[in-house]
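# Structure at a glance
Each chain is listed here by its residues.
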Amino acid sequence: MKPSGEDQAVPAAGPWEECFQAAVQLALRAGQIIRKALTEEKRVSTKTSAADLVTETDHLVEDLIISELRERFPSHRFIAEEAAASGAKCVLTHSPTWIIDPIDGTCNFVHRFPTVAVSIGFAVRQELEFGVIYHCTEERLYTGRRGRGAFCNGQRLRVSGETDLSKALVLTEIGPKRDPATLKLFLSNMERLLHAKAHGVRVIGSSTLALCHLASGAADAYYQFGLHCWDLAAATVIIREAGGIVIDTSGGPLDLMACRVVAASTREMAMLIAQALQTINYGRDDEK
C-alpha cells in the first residue's frame, strides 16, 4: 500500500496538525526525488573521505524541505545535516524546531544500495512532538506523534517487547570515525554483545530505518555512538509511540545532542545493552 497524507490512522487534529501534514507531504516529495536519482545513470557525488559522503541530491532535498517549511512557518527554527556540515550551529531552543536529515543512508545512496530514507523531526519547547520517516525505495511512510501512536502506511506499529538478549536481534551503525582506536572500541562493543549471547547483530547503513525496524518489531534493540540529532529526532518519537524506549548509552535519559543512543523494545533490554557498551566519544552536536 502506498502512503498518502490522508491514510494515517490517528485521532483528531492536534495543535501541530498543519506542521505534521506539511512534513508528510514534503517527505513524500523528497522521496520521489531520491528514487529518481537512484535510477539515473550518472549521479554527481563528492567524496572528501571514506566517512564523508555528500551528494548533489542531499542538498537539493534539504533545500526543498527547508525553503517550503520556512515559507509556511517563518518563525520556526531549523537544524539540518547539510546546513550543519556547512557550519550552522545545532541549537535546540524552546522555539518550534525542525530537525531534518535529507538523505539518511548517504553511503547506501551513493552505491545504490536501497536502504535510504528522508527523516523530519519536530520539537517544541525542547520536546519532540512528531517524526516522519520515509523509506524511499520501499515507499514506507513511518510516522509518530507524541501521545497519538506510531504507524507505517496507516498500520499501527508495536515493538516486540523482547526482554531476553539471547532472543534479540540488535542493530547498530559503524559511525564516521575509522581510526584504529575507534574501530577497536566499535568491534569490542559488538563482540561484547555476541559474547552476551545476542541472537544477532546487524548493520544496514541507515540509522533512521534501523530504528524504524525496532519500532515495527522486526528488531529488538539498537545502539550507536556517532549518530547526530537529525538521525535520531524523528525515530525517537516513532519508537516511543510504538511502546519502546530510547535512552543515553549511560542508562540515563536521552540527550538528543550527545551523539549516542540505546533504543530497545523494553527498558530491561535497553539497560542490558547500555551496561555492555564501552563509550566512544564523538562530542556533542551543540558544541561543534
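Keep in mind that what you see is a predicted model, and the values were worked out from it rather than measured. (Residues numbered from 1 in each chain as written. Predicted model: local features only at pLDDT ≥ 70, side-chain atom pairs only at ≥ 80, totals over all residues. Heavy atoms only, no water.)

### Details of the nonpolar core
Of all hydrophobic cores here, the largest spans 39 residues; its most connected members are I99, I133 and Y222. For this core, the secondary structure elements donating two or more residues are β5 (117–124), β6 (127–135), β8 (149–152), α6 (207–216), α7 (229–241) and β14 (260–264). Each of domain 1 (16–156) and domain 2 (165–276) gives at least three residues to this core. Those residues in contact with Y222, other than ones at most four positions away along the chain, are L171, T172, E173, S207, A210, L211, L214, L227, V261, V262 and A263. Within the second largest apolar cluster, 34 residues are counted, among which are L26, V116, Y134 and L141. (Core = buried A, V, L, I, M, F, W, Y, C linked by side-chain atoms within 4.5 Å. Buried < 20%, exposed > 50% of the residue type's maximum accessible area, 1.4 Å probe, protein only. Helix = DSSP H or I, 4+ residues; strand = E, 2+ residues; numbered from the N terminus. Domains from an automatic or database assignment. Contact = heavy atoms within 4.5 Å.)

### Overview of the environment of A242
By the secondary structure assignment, A242 is in the loop between α7 and β13 (245–247). Classification of A242 by relative accessible area gives buried; the value is 0%. Along the sequence, A242 and I280 sit 38 residues apart, while their C-alpha atoms lie 28 Å from each other. Those residues in contact with A242, other than ones at most four positions away along the chain, are A150, L157, R158, V159 and A215.

### Remarks on the pattern of salt bridges
Tallied over the full model, the rule gives 10 salt bridges. For the salt bridge of E129 with R146, the shortest nitrogen-to-oxygen distance reads 2.8 Å. Highlighted residues: E129 in strand β6 and R146 in the loop between β7 (140–145) and β8, separated in sequence by 17 residues. The partner of D286 in a salt bridge is R284, and the shortest N-O contact between them spans 2.9 Å. Taken together, the shared-partner salt bridges connect D255, R284, D286 and E287 into one network. (Salt bridge = Lys/Arg side-chain N within 4 Å of Asp/Glu carboxyl O.)

### Side note on α7
Spanning 13 residues, α7 covers 18 Å between terminal C-alpha atoms, matching the ideal 18 Å at 1.5 Å per step. Taken as a whole, α7 carries its principal kink of about 30° at A235. Trailing α7 by a residue or two, G243 shows a phi angle of about 100°, which is positive. (Expected span 1.5 Å × (residues − 1). Bend = angle between axes of the 7 residues up to and from the residue.)

### Some words on the domain arrangement of the protein chain
Segmenting the protein chain into domains produces domain 1 (16–156) and domain 2 (165–276). Summed over both sides, the interface of domain 1 with domain 2 buries roughly 2,200 Å², with 72% coming from carbon and sulfur. Sorting the residues of domain 1 by area buried against domain 2 places L128, I133 and Y142 first, and these three jointly supply 25% of that buried surface. Between domain 1 and domain 2 we count 0 salt bridges in total. Here domain 1 is connected to domain 2 by 8 residue pairs in polar contact (both at pLDDT 80 or more). At the level of secondary structure, the elements contributing two or more residues to the side of domain 1 that touches domain 2 comprise β3 (77–80), α3 (81–85), β4 (97–104), β5, β6, β7 and β8. (Buried area = accessible area lost by both parts, 1.4 Å probe. Polar contact = N/O pair within 3.5 Å; in protein donor to acceptor, adjacent residues only side chain to side chain.)

### A few points about the UniProt feature "binding site: Mg(2+)" (unreviewed entry) in the protein chain
If you check UniProt for "binding site: Mg(2+)" (unreviewed entry), the listed places come out as E81, D101, I103, D104 and D231 in our numbering. Taken along the chain, the residues just named run across 151 residues; in space they keep tight, none of their C-alpha pairs more than 9.7 Å apart. Tracing the backbone through its elements, the reader meets D101 in strand β4. Residue D101 is classed as buried on the basis of its relative accessible area, which comes to 1%. With relative accessibility at 8%, the residue D231 sits in the buried group. Beyond its immediate stretch of four places on either side in the chain, D231 contacts D101, D104, S207, T208 and L211. Polar contacts involving the side chain of D231 include one to the main-chain amide nitrogen of H228, which spans 2.7 Å. (UniProt positions renumbered as here; feature names shortened; annotations may be inferred.)

### What about the sheet that holds β7?
Spatially, 7 strands are ordered β3-β4-β5-β6-β7-β8-β9 in an open sheet, and the strand pairing comes out mixed. Across the chains shown, the open sheet's two edge strands, defined by having one partner strand only, are β3 and β9 (155–156). Taken together, the 8 bridges between β5 and β6 define a ladder with antiparallel strand orientation. Residue I120 lies in a different strand from β6, and its bridge partner there is V132. Across the sheet, helix α2 (residues 56–72) lies against β3, β4 and β5, angled at about 155° from β4, the strand it touches most. Packed on one face of the sheet, α6 meets β4, β5, β6 and β7 and runs near 100° to β6. (Pairing = 2+ DSSP bridges. Axes fitted to C-alpha atoms, helices over the stretch in contact; angles between N-to-C directions.)

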